[in-house]
Amino acid sequence: MLFSSSQETYQSSLVAGCTQKCHQVAGIVYSNIKYRFDIPEFNWDSPGKMYLLNLLHPKPTPVQLQIKGELDLSSFNPHGISVYTDETDDNIYVFVVNHPDDASQVEIFRFVAEDTLEHLKTITHPLLHRYVLYIYVSDISDHEIDVFERKKGEKLEFIKSVDVGSSCDNIEVDQKTGDLWMGCHPNLMKMVTYDPKDPPGSEVLKIKNIHSENPVVSLEYGDDGKVLMVSTVATPYKGKLLIGSVFHKALYCDLK
């Protein structure tokens, strides 16, 4: 994937043959998020599902998670996902952006068994209209990642913007290194206008040392849409990389 020559911080780590170490996740043909998209080629009728995937297995196979509690599963429409482990008691919590009936809310789950999530709470707020608020915010139209510092009184102070040259979607922060991993759209209009003869491409970008004077933006995965369309999220784990999409399939890759 080619980038604008004005992106001086770009360092492409995987360009030619970058898809050779990636494999489609068996059992997940496409993600069926129903939110502000109207593409007849994809089926939007079935409720959303959650899966668990062991990236260290030789042939990772998704296991559907059972969901217990009072959540209305018939309208469950999951989007972004984050996981938090409480070190005081080792409880694992899953935070999921949910779009039931075109609304926006956050669901909180807790792992109660290897394949079971317990729904604990639904969070709604007028500010949760289209995007969830983060300290790292993706400015899709300007192709930047904005950095804010949390202040007392629930205030955020703007620190800087990092030019990434792509329309990035979800942001995943590596808790060990602080690196940012993002699923991005190299041509946002191709996603909006969707033409199967000229599919929208995919990129996974990483920002290293974002708080330094010279953060490094690197391309970790990229293709023209023939392998994966509209990548929206990327999560690294012990030399592996899981890439999700808006309405296409999922890939797992070997970063080594």
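Since the structure is predicted, the reported quantities are computational estimates derived from the model, not experimental observations.

Let's shift gears to the overall build of the protein chain. In terms of helices and strands, the protein chain carries one helix and 19 strands. Across the 256 residues in the protein chain, those meeting the buried criterion constitute 40%. Put simply, of all contacts in the protein chain between residues at least 6 apart along the chain, 48% involve residues at least 24 apart. Surface exposure of the protein chain reaches about 14700 Å², of which carbon and sulfur atoms provide 52%.

Relative to the assigned elements, Thr177 resides in the loop between β13 (167–173) and β14 (180–185). Thr177 sits 31 residues away from Lys208 along the chain, and the two C-alpha atoms are 8.4 Å apart. At 3.1 Å, the side chain of Thr177 and the side chain of Asp179 are in polar contact.

It is worth spelling out the state of the cysteines at this point. Counting across every chain of the model gives two disulfides. The disulfide partner of Cys168 is Cys184, and the gap between their sulfur atoms is 2.2 Å. Across the S-S bond linking Cys168 and Cys184, the dihedral sits near 90 degrees, which makes this disulfide right-handed. Note that Cys168 is positioned in strand β13 and Cys184 in strand β14, a separation of 16 residues in sequence. Neither residue differs from the other here; Cys168 and Cys184 are each classed as buried. With its bonded cysteines labelled in order along the sequence, the protein chain shows the pairing 1-4, 2-3.

For the protein chain, per-residue confidence averages 82 on the pLDDT scale, and residues scoring 70 or more make up 83% of the total. When the elements of the protein chain are averaged for pLDDT, strand β1 (residues 10–12) gives the smallest value, 36, and strand β9 (residues 116–123) the largest, 96. When the criterion is pLDDT under 50, residues 1–19 qualifies, and its contacts beyond four places in sequence or with other chains add up to 40 contacts.

The next subject is the pattern of salt bridges. For the structure on display, the rule yields six salt bridges. Across the pair Glu118 and Arg110 runs a salt bridge, and its minimum N-O distance is 2.8 Å. A relative accessible area of 27% places Glu118 in the partly exposed class. The exposure class of Arg110 is partly exposed, given its relative accessible area of 25%. Here Asp224 and Lys226 are joined by a salt bridge, their closest N and O atoms 3.1 Å apart. A residue is classified by how much of its surface remains accessible, and Asp224, at 40% relative accessible area, is partly exposed. Residue Lys226 is classed as exposed on the basis of its relative accessible area, which comes to 66%. By sharing partners, the salt bridges in this structure join Glu149, Lys151 and Glu157 into a single network.

About the cut-offs
Residues numbered from 1 in each chain as written. Predicted model: local features only at pLDDT ≥ 70, side-chain atom pairs only at ≥ 80, totals over all residues. Heavy atoms only, no water. Helix = DSSP H or I, 4+ residues; strand = E, 2+ residues; numbered from the N terminus. Buried < 20%, exposed > 50% of the residue type's maximum accessible area, 1.4 Å probe, protein only. Contact = heavy atoms within 4.5 Å. Areas by Shrake-Rupley, 256 points an atom, 1.4 Å probe, with all protein chains shown as cover. Polar contact = N/O pair within 3.5 Å; in protein donor to acceptor, adjacent residues only side chain to side chain. Disulfide = S-S within 2.5 Å. pLDDT = per-residue confidence, 0-100. Salt bridge = Lys/Arg side-chain N within 4 Å of Asp/Glu carboxyl O.

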